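Chain by chain, the residues run as shown.
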Amino acid sequence: MINCLSAPAALPGGASSWIAELAFAPTSGFRRYLYEQYADQTFKGLYHWNWFDASILIPYFAVMILLSLYGMHRYTLVYLYYKYQKNYNPEPPRKFDELPTVTVQLPIFNEQFVIDRLIDAVCAMEYPREKLEIQVLDDSTDETQEVAAGIVARYAALGQPIVYIHRTNRHGFKAGALDAGLKVAKGELVAIFDSDFVPPTDWLMKVIHHFAEPEIGMVQTRWTHLNRDYSMLTQIEAILLDGHFALEQSARARTDDFFNFNGTAGMWRVKAISDGGGWQHDTLTEDTDLSYRSQMAGWKFKYLPDVECPAELPIEMTAFKTQQARWAKGLIQTSIKVLPVLFKANVPWRIKKEAVYHLTCNLSYPLMVVMTVLLIPAMVCRFYQGWFQMLLIDVPLFAASTFSIAVFYLASQRVLFPKTWKKTFLYLPFLMALGIGLTVTNTKAVMEAIFGIKSAFVRTPKYRVNKKGEKSKASKYRKRLVLAPWIELALGTWFFLAILYTFANQNYFTAPFLILFVVGYWYTGLMSLLQGRFERWRSGAPEPSEESSPKPFPVGV
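In this text the structure is predicted, and so the values were computed from the model without any measurement.

Colleague: Requested: an account of the overall build of the protein, with residues and values cited.
Modeller: Broken down by element type, the protein carries 20 helices and seven strands. Taking all 557 residues of the protein together, 54% fall into the buried category. The contacts of the protein with a sequence gap of at least 6 include a subset with a gap of at least 24, amounting to 83%. Split by element, the accessible area of the protein, about 25500 Å² in all, is 64% carbon and sulfur.

This is the structure:
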């Protein structure tokens, strides 16, 4: 018998170097872990590519690359914001010699607890009363009708130019209500505020003179948040919206790309609405749809980030999910409707490219679901491939797809809050986890849009709470999800098992990434199931009726 240790030259694959490494390898502790994971070459060359691994890894990396493209676009928006920062002038180039007539439209539906706040704020706005008209466009089916009509009658008796318009049907939903009001409007300009907004007294005067330029068709102002500090959820919601309004809208506006009216806190020229084809209700984001059609008709839009309009954030997870899912479905519907027309339009290619990123960004949610399904099998396949491949491939993809989220929202907070923006680091893990948790409901919304499944426009419930500890009177508008929270809890458990797998294989560096999935899915699932139930159990109040709390679109399954 040959003694292998006495004849190292006879061993294949450079075994002599392996013996030397083994002799000097650390025997315990963190050094041994690092050695086993990144220096031990014992099994180098034993892994061979096979078709099973290819069937897992090829779609996995295809999804990661697509997500990375959207991530790189976030970097681009940050770059464009700073590059063209000097392109913004908050002052209008010229002013009206005589102010034009303005109609203010207030579309509402079953929002009795906030309608007085809205009407009070609008009636207090500074503008010549002979040049102003206020329309309360009420599609309500509950007590809001009596509340709104009573408030309008009181202000009309005081001499305010306010009218109450109630439709007996919700044809066209919000778009239908705006269109109905526009048919009898007296103004050549129309400002729109949703029920959860509280416009400042000087809002009209800050916006109106930008329309002295005859090519301006719409002016959008920046949303701020009445109840930002109410809870962790509202803090994260505020950061998400700040990213859109501080960076995304500003970058597009300053580079002359198309951008959208946000449905509220903006003003339109009536002719720009009619030239764009008017309000249409075949998508759930009628504001974005009209915005693109109007800009393709030749009208210019302005965005004023310095003009603020505060609004209420959803305080409950189900309300937030309903809002996000409606926007996700509506944008995909708009992309299907608008992009084919835009590609044929006589506009620069960069505008078309930016429109694709803007209108299709919610495709990232079904891509995230695919990644969720493939992540653990891909991790098992790649366990034997070594660390170098992961460093070469995974790190760039992670930087493009995931790290870009952190950069984008940190930059937005630095723009808005230069003295306190660093505290955003504390919210980043929860922000990313919440984004992951939205994949179930938003994916369903996106797929409904792709397959042409129509559903009603459901307004986000307004609870009228501003400070921590305040109780909402609007619990009857609370929405419930049936199946989605349980799917989210199951997915969270799936990733918890994945974490156990990584620990069993000493792949500790993957665990923090997987923890985001666990926290995101469990957080959204548990909040959807439990939020509001304890309050109802304590008070003994009954479950909201179906009439006052309809199943939320599009996630009430």
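Colleague: Give a detailed account of the layout of surface pockets, specifying residues and quantitative values.
Modeller: If you add up the space inside the second largest pocket, you get close to 610 Å³. Ala253, Asp256, Lys300, Phe301 and Lys302 are, among the 27 residues lining the second largest pocket, the residues nearest its centre. Mapped onto the lining of the second largest pocket, the elements with two or more residues apiece are α8 (232-254), α10 (286-296) and β7 (300-311). Here the element with the most residues in the lining of the second largest pocket is β7; it accounts for six residues. In terms of residue class, the lining of the second largest pocket is made up of 14 nonpolar, six polar and seven charged.

Colleague: Can you break down empty space enclosed by the protein residue by residue, with the values?
Modeller: Rolling a probe over the atoms, with the probe sized like a water molecule, indicates the empty space that remains. Taken as a whole and assessed by the stated rule, the structure comprises three cavities of 30 Å³ or more. Taken as a whole, the second largest cavity encloses approximately 50 Å³ of empty space. Forming the boundary of the second largest cavity are Pro107, Ile108, Phe109, Leu137, Asp139, Arg170, Phe173, Lys174, Ala177, Phe457 and Arg459. Going through the elements one at a time, β1 (102-108) and α6 (173-183) are the ones with two or more residues in the lining of the second largest cavity. Looking at the lining of the second largest cavity, the element that brings in the most residues is α6, giving three residues. In the lining of the second largest cavity, the residues fall into seven nonpolar, no polar and four charged.

Colleague: I'd like a description of the packing of aromatic side chains, backed by residues and values.
Modeller: Under the definition given, this model contains 20 aromatic pairs. Between Tyr70 and Tyr357, the aromatic rings sit 5.9 Å apart at their centres with planes inclined by 90°, giving edge-to-face as the arrangement. One end of the pair, Tyr70, is in helix α3 (residues 51-83); the other, Tyr357, is in helix α12 (residues 349-360), with 287 residues separating them in the sequence. In this structure an aromatic cluster arises from ring pairing among Phe259, Phe261, Trp268, Trp279, Phe301 and Tyr303. Directly above the aromatic system of Phe109 lies the positively charged group of Arg170, at a separation of 3.6 Å from the ring centroid.

Colleague: Pulling in residues and values, what's your account of helix α17 (residues 439-450)?
Modeller: Over its twelve residues, α17 extends 16 Å from the first C-alpha to the last, a length consistent with the 16 Å expected when each residue adds 1.5 Å. For α17, the buried fraction is high: nine of the twelve residues fall into the buried class.

Colleague: Tell me what's going on with the nonpolar core, and back it up with residues and numbers.
Modeller: Counting residues in each nonpolar core, the largest one holds 61 residues, and the members touching the most others are Val104, Ile119, Trp203, Leu204, Met267, Trp268 and Trp279. The element that contributes the greatest number of residues to this core is β7, accounting for six residues. Among the nonpolar cores identified, the runner-up in size contains 49 residues, and Leu67, Val78, Tyr427 and Leu438 belong to it.

Colleague: Lay out the environment of Ser401 in plain terms, naming residues and giving numbers.
Modeller: If you trace the backbone, Ser401 turns up in helix α14 (residues 387-401). Here Ser401 falls in the buried class, since its relative accessible area comes to 10%. Sequence spacing of Ser401 and Leu67 is 334 residues, and the spatial spacing of their C-alpha atoms is 5.5 Å. Once you skip the residues sitting within four places of it in the chain, Ser401 turns out to touch Met64, Leu67, Ser68, Gly71 and Arg74.

Parameters at a glance
- Along each chain, the written sequence defines residue order, and numbers are assigned to residues from 1.
- Given that this is a predicted model, residues contribute local features only at a pLDDT of at least 70 and side-chain atom pairs are listed and counted only at 80 or more, while totals for whole chains, interfaces and linings are drawn from all residues.
- Neither water nor hydrogens contribute to the side-chain values; these are computed over all heavy atoms in the structure.
- Per the convention used, a helix needs a DSSP run of H or I reaching at least four residues, while a strand needs a run of E reaching at least two, with both numbered from the N terminus.
- Under the scheme applied here, a residue whose accessible area is under 20% of the maximum for its type counts as buried, over 50% as exposed, and between as partly exposed, the area being computed with a 1.4 Å probe on protein chains only.
- For this analysis, residues touch if any pair of their heavy atoms sits within 4.5 Å.
- To measure how exposed things are, a 1.4 Å probe is used in the Shrake-Rupley method; for residues, cover is taken only from the protein chains shown.
- Grid spacing is 1 Å over the protein atoms alone, the probe is 1.4 Å, and a cavity is where that probe fits but cannot get out, while a pocket is an open set with protein on both sides within 12 Å along at least five of seven lines and lining residues have an atom within 4 Å of a point.
- Grid points are joined across faces, edges and corners, and a volume is the space filled by probe spheres set on the points.
- Polar here means any residue other than Ala, Val, Leu, Ile, Met, Phe, Trp, Tyr, Cys and Pro, which are nonpolar, and Asp, Glu, Lys and Arg, which are charged; Gly is therefore polar.
- Geometry of aromatic contacts follows a simple scheme: Phe, Tyr and Trp rings, the Trp one being its six-membered ring, pair when their centres are within 6.5 Å, and the pair is stacked under 30 degrees between planes, edge-to-face over 60, tilted otherwise.
- Any Lys NZ or Arg CZ that is within 6 Å of a ring centre and within 35 degrees of that ring's normal is treated as a charge sitting over the ring.
- A helix is expected to span 1.5 Å multiplied by its residue count minus one.
- To define a nonpolar core, start from buried Ala, Val, Leu, Ile, Met, Phe, Trp, Tyr and Cys residues and group those joined through side-chain atoms within 4.5 Å.

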